[in-house]
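Report on the structure
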Amino acid sequence: MIDYLIIGAGLAGISFAETALRNNKKILVIDGGQNSSSKVAAGLYNPVILKRFTPVWDAQNQLLVLNDFYRNLESKLDQQFDFKKPILRKFFSIEEQNNWYVACDKLDLAPFLSTELISRKFRGIESPFDFGVVNATGYIEVSLLLKNYTQYLHERGIFVNDTFDYSLLTTTDECIRYKDFKAKHIIFAEGFGMHQNPFFNDLPLDGVKGELFIIKAPQLDLDVIVNTSVFILPLGEHLFKVGATYNWNDKTSTPTQEGKEELIDRIKEILTCEFEIISHYAGVRPTVKDRKPLVGKHPDYKNMYILNGLGTRGVMLGPSMAKALYEFIEDGVPLAPEININRFRKK
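Residues numbered from 1 in each chain as written. Predicted model: local features only at pLDDT ≥ 70, side-chain atom pairs only at ≥ 80, totals over all residues. Heavy atoms only, no water.

1. What about the overall build of the protein?
Rules: For the purposes of this entry, the term helix denotes a DSSP run of H or I that reaches at least four residues, the term strand denotes a run of E that reaches at least two, and both are numbered from the N terminus. For this measure, only C-alpha atoms enter the radius of gyration; the expected value for a globule follows 2.2 Å times N^0.38, where N is the number of residues. The buried label goes to any residue with under 20% of its type's maximum accessible area, the exposed label to any with over 50%, and the partly exposed label to all in between, with areas taken from a 1.4 Å probe on protein chains only. Contacts between residues were defined by any pair of non-hydrogen atoms, one from each residue, lying within 4.5 Å. Here the open area of atoms and residues is found with the Shrake-Rupley method and a 1.4 Å probe, where only the protein chains shown may cover a residue.
For the protein, the helix and strand inventory stands at 7 helices and 20 strands. Computed over the C-alpha atoms, the radius of gyration of the protein is 21 Å, within 12% of the 20 Å expected from 2.2 N^0.38 for a compact globule of 347 residues. Expressed as lengths along the three principal axes of its C-alpha atoms, the size of the protein is roughly 65 × 40 × 40 Å. Going through the 347 residues of the protein one by one, you find that 54% of them count as buried. Of all intrachain contacts in the protein linking residues separated by at least 6 positions in sequence, the fraction that spans at least 24 positions is 72%. Summed over all atoms, the accessible surface of the protein reaches about 15900 Å², with 48% contributed by carbon and sulfur.

2. Thoughts on the packing of aromatic side chains
How we decide: Aromatic rings from Phe, Tyr and Trp, taking only the six-membered ring of Trp, are treated as a pair when their centres fall within 6.5 Å; an angle between ring planes under 30 degrees marks them as stacked, one over 60 as edge-to-face, and anything in between as tilted.
This model, assessed by the stated rule, comprises 17 aromatic pairs. Pairing Phe122 with Phe131 gives two aromatic rings, centres 5.6 Å apart and planes at 80°, and the pair type is edge-to-face. Considering the side-chain rings of Phe164 and Tyr178, the 4.2 Å spacing of their centres and the 20° angle between planes classify their relative orientation as stacked. Of this pair, Phe164 sits in the loop between β10 (159-161) and β11 (169-171) while Tyr178 is found in strand β12 (residues 176-178), placing the two residues 14 residues apart along the sequence. On the basis of relative accessible area, Phe164 is assigned to the buried category, the value being 8%.

3. Some words on the pattern of salt bridges
Selection criterion: The working definition used for a salt bridge is a side-chain nitrogen of Lys or Arg within 4 Å of a carboxyl oxygen of Asp or Glu.
Per the counting criterion, the structure on display carries 17 salt bridges. In this structure, Glu155 engages Arg156 in a salt bridge whose closest nitrogen and oxygen atoms are separated by 3.6 Å. Its relative accessible area of 46% is what places Arg156 among the partly exposed residues. Linking Glu327 and Lys323 is a salt bridge whose minimum nitrogen-to-oxygen distance equals 3.0 Å. Separated by 4 residues within a single helix, Glu327 and Lys323 lie in helix α6 (residues 314-331), roughly one turn from each other.

4. Topic: the pairing of strand β16 (residues 231-236)
Put simply, side chains in a regular strand alternate between the two faces of the sheet. For clarity, the threshold we go by: Only strands that DSSP links by at least two bridges are regarded as paired with each other.
Where strand β15 (residues 225-227) lies against β16, 2 bridges are found, and the strand directions are antiparallel. Opposite Asn227, over in β16, you have Phe231 as the bridge partner. Counted along the chain from β15 to the antiparallel partner β16, the turn is 3 residues long. Strand direction decides the pairing type here: β16 and strand β17 (residues 239-243), joined by 5 bridges, are antiparallel.

5. Thoughts on helix α4 (residues 142-155)
The test is simple: A helix's residues, less one, multiplied by 1.5 Å, set its expected span. In this description, the arc belongs to the directions extending from the helix axis to the C-beta atoms.
When the terminal C-alpha atoms of α4 are compared, their 20 Å separation across 14 residues agrees well with the 20 Å that a helix rising 1.5 Å per residue should span. Taken as a whole, α4 has its buried residues at Val142, Leu145, Leu146, Tyr149, Thr150, Tyr152 and Leu153. Within α4, the buried residues cover an arc of 150° as seen down the axis, which keeps them to one side. With respect to the buried face of α4, the exposed residues turned more than 90 degrees away are Lys147 and Glu155. Against the buried residues of α4 lie α1 (11-22), β2 (27-31), α2 (59-77), β9 (138-140), β10 and α6. Taken from the residues just after α4, Gly157 is the one with a positive phi, measuring 70°.

Everything listed here is a matter of geometry and, on its own, says nothing about what the molecule does.
Following this line, the structure appears as structure tokens:
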């Protein structure tokens, strides 16, 4: 009998898989490759919501767990995934500068926001009002991480590339049975695919579609991440990842002309140089109205759990939410009320 049957190999699924493996648990991961927004994720981690100059919930703890988690994965897989880069918030007015200084004085933001503005001029970007610097930021190369990690699982015979069939799942107080597998616990980490899950599809998971570009801009001289109405992330070789859009109505993973035009317009507001669109892709992020993840135990089946709703901050939330769920199952450590699915069950 294995300890954990994990459904989904996006950021949520691999975060829990690795957490369990680090604790010497036997696991099996099943994923058919459908509905994974992680594969097209921007991968940025940033402890500050720059649109409103407010802190990300539980940012200090998330960063602590994040650094340990990805550092261990890099060592384990002998591959760099975590790229530490500052994020610069471009200011469009003196008023925005003043709002930044006000935010710098707040206790929960002070560790992350620099009080010294950056006046450096980057070729290809006009910045008459300078930039503010966010500390403890960077990005995870998510697609490379998922590819390497699923290969690692596959080589050890603990990964099955298949669409999960809920009708074949049976559960008792002692164990979970699925096809020829028997497990102590099952973790559903399916992202937006949760809507097909008969055990958890009553939870209020929404989806927000995001579209991104890879552009080539030889005249753009940028070695940091710039955040304005879009982010611009340097990849090397004059390539940049740019995004993202937010569409609450379209739940498909197909790039659209509307999204393309929106991104082009936003890029032209920032760049003064020419650029070429190399690729255009999209994904549906699993989000919740209160912007908190969905973590917890099924009300009727004591060995059935969910890890979902990581939204736009999957690389930050994944490791810490997996740790919280694991400690809840194994050690009885209560889940924070903000993430526990009981916040909706009680209603």
